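Structural overview
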Amino acid sequence: MDSAVSENSYRRGLEAVHRRAFLEALAYFEAAVRLARRQGSDAVPMKYLSYYGLCLAVCSKRFDEARAICEAAVRGEFYNPDLYWNLGRVHLRAGDRQRAFSAFVQGLRLNSRHSGLVGEIRRLGLRKRPMVRFFQRSHPLNRILGRLRGHFAQAAPDRRRQSTVSAR
C-alpha cells in the first residue's frame, strides 16, 4: 500500500512542478521519499530523489544539498535522461552553467530527442569560437572583436529589412 501512496504523492509533485508550484511539489516529493523509505532502505526510486533535489534548489536555495541528492540519483540510474535534466537545472540555479551544460549533454547522449534537455540547451545557447583562436576567450582582443561581431550580426537583419522595403 505504501508504494501506491508514495507513487501518488510523486505524481502530484510532478503536476505541481508542471504548474511551477515548486513549494507544493517539494512537500509532495518529500512525502514520497519518506513513504518509500518506510518500505525499506533500498526502496526509494531515484526519480523521487531527483525531483526532490530540484525542488529543494528552487525553493530553499540549498544548492549543495540539492546537488548531492541529484548526483546520487544520477549514480543510481545513470541511464535515465530525466535525472540528468534535473541535475542540470540544479546546476543552473546554483549559477554553474558549465556543469549544467555537461549534465544536459550527458542526458542527450541517452535520449537525443528529450524535449526538456533540448530546450535547456537551446536556452543556454551555443558560444561561437573566439575570433582570435590562439588567445583565450577572455583576452581583451577576443572580447572586443566578439562584441563587434555580435553588433554587426544584429544590424545585418535590420539592413536587409530596410533594403527590401526601399526596393518596393
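Note that the coordinates shown come from a computational prediction; the quantities given were computed from them, not determined experimentally. (Residues numbered from 1 in each chain as written. Predicted model: local features only at pLDDT ≥ 70, side-chain atom pairs only at ≥ 80, totals over all residues. Heavy atoms only, no water.)

1. Observations regarding the overall build of the protein
The test is simple: We count a stretch as a helix when DSSP gives it H or I for four or more residues in a row; a strand needs E for two or more, and each element gets its number in order from the N terminus. In this description the radius of gyration comes from C-alpha coordinates, and the expected globular size is given by 2.2 Å times residues to the power 0.38. Burial status follows relative accessibility: with a 1.4 Å probe on protein chains alone, a residue under 20% of its type maximum counts as buried, one over 50% as exposed, and anything between as partly exposed.
Scanning the protein from N- to C-terminus turns up eight helices and zero strands. Traced from its N-terminal end to its C-terminal end, the protein shows the element sequence α-α-α-α-α-α-α-α. Computed over the C-alpha atoms, the radius of gyration of the protein is 22 Å, more than 25% above the 15 Å expected from 2.2 N^0.38 for a compact globule of 168 residues. For the protein, the spread of C-alpha atoms along the three principal axes comes to 70 × 45 × 30 Å. Every one of the 168 residues in the protein was classed for burial, and the buried ones make up 36%.

2. Re helix α7 (residues 115-124)
Residue pairs spaced three or four apart in an α-helix point in one direction, given the helix's 3.6 residues per turn. To keep things clear, this is the line we draw: Residues are treated as being in contact if the distance between any of their heavy atoms lies within 4.5 Å.
Taken as a whole, α7 has its buried residues at Gly116, Leu117, Gly119, Glu120, Ile121 and Leu124. Those residues of α7 that are buried are in contact with α5 (81-93) and α6 (97-110). Directly after α7, the chain includes Gly125, whose backbone phi takes a positive value near 80°.

3. Examining the side chain of Ser9
Among the structural elements, Ser9 can be located in helix α1 (residues 2-18). The buried category is assigned to Ser9, whose relative accessible area is 8%. Contact partners of Ser9, with chain neighbours within four places excluded, come to Tyr28, Ala31 and Ala32.

4. Observations concerning the environment of Leu83
Among the secondary structure elements, Leu83 is positioned in helix α5. With 12 residues separating them in the primary sequence, Leu83 and Glu71 have C-alpha atoms 8.5 Å apart. Every residue in contact with Leu83, bar those within four places of it in the chain, is listed here: Met46, Lys47, Ser50, Ala73, Val74 and Glu77.

5. Some details on the side chain of Glu77
For clarity, the threshold we go by: Two residue types count as positive, namely Lys and Arg, and two as negative, namely Asp and Glu; His and chain ends fall outside the count. Definition used for salt bridges: Asp or Glu carboxyl oxygen within 4 Å of a side-chain nitrogen of Lys or Arg. What qualifies as a polar contact is a pair of N or O atoms within 3.5 Å, subject to a donor-acceptor requirement within protein and to the restriction that residues adjacent in sequence count only when both atoms come from side chains.
Positionally, Glu77 belongs in the loop between α4 (63-76) and α5. Among buried charged residues, Glu77 stands out as having no salt bridge; its nearest opposite-charge side chain is Lys47, 7.7 Å away. A polar atom in the side chain of Glu77 sits 3.2 Å from the side chain of Asn80. The contacts of Glu77, once residues within four sequence positions are left out, are Met46 and Leu83.

6. As for the packing of α5 against α7
The relative placement of two packed helices is expressed as an angle between their axes plus a distance between the axes. What counts is decided by this rule: Whenever a helix is involved, its axis is fitted only over the stretch in contact; in every case the axis is a line through C-alpha atoms, and angles between N-to-C directions fall within 0 to 180 degrees. Any angle that is under 35 degrees is reported as roughly parallel, and any over 145 degrees as roughly antiparallel; angles of 65 to 115 degrees are reported as roughly perpendicular and all others as oblique. By definition, any crossing whose near helix is turned counterclockwise from its far helix by less than a right angle is left-handed, and any crossing with a clockwise turn is right-handed. Nonpolar residues are Ala, Val, Leu, Ile, Met, Phe, Trp, Tyr, Cys and Pro. Charged residues are Asp, Glu, Lys and Arg, and all others, Gly as well, are polar.
The geometry of α5 relative to α7 is characterised by a closest axis approach of 9 Å and an angle of 30° between their N-to-C directions. Considering the angle they form, α5 stands roughly parallel to α7. In terms of crossing hand, the pair formed by α5 and α7 is left-handed. Every residue of α7 that contacts α5 at Pro81, Tyr84, Trp85, Arg89 and Leu92 is listed here: Gly116, Leu117, Glu120 and Leu124. Grouping the amino acids of the contact of α5 with α7 by side-chain chemistry returns six nonpolar, one polar and two charged.

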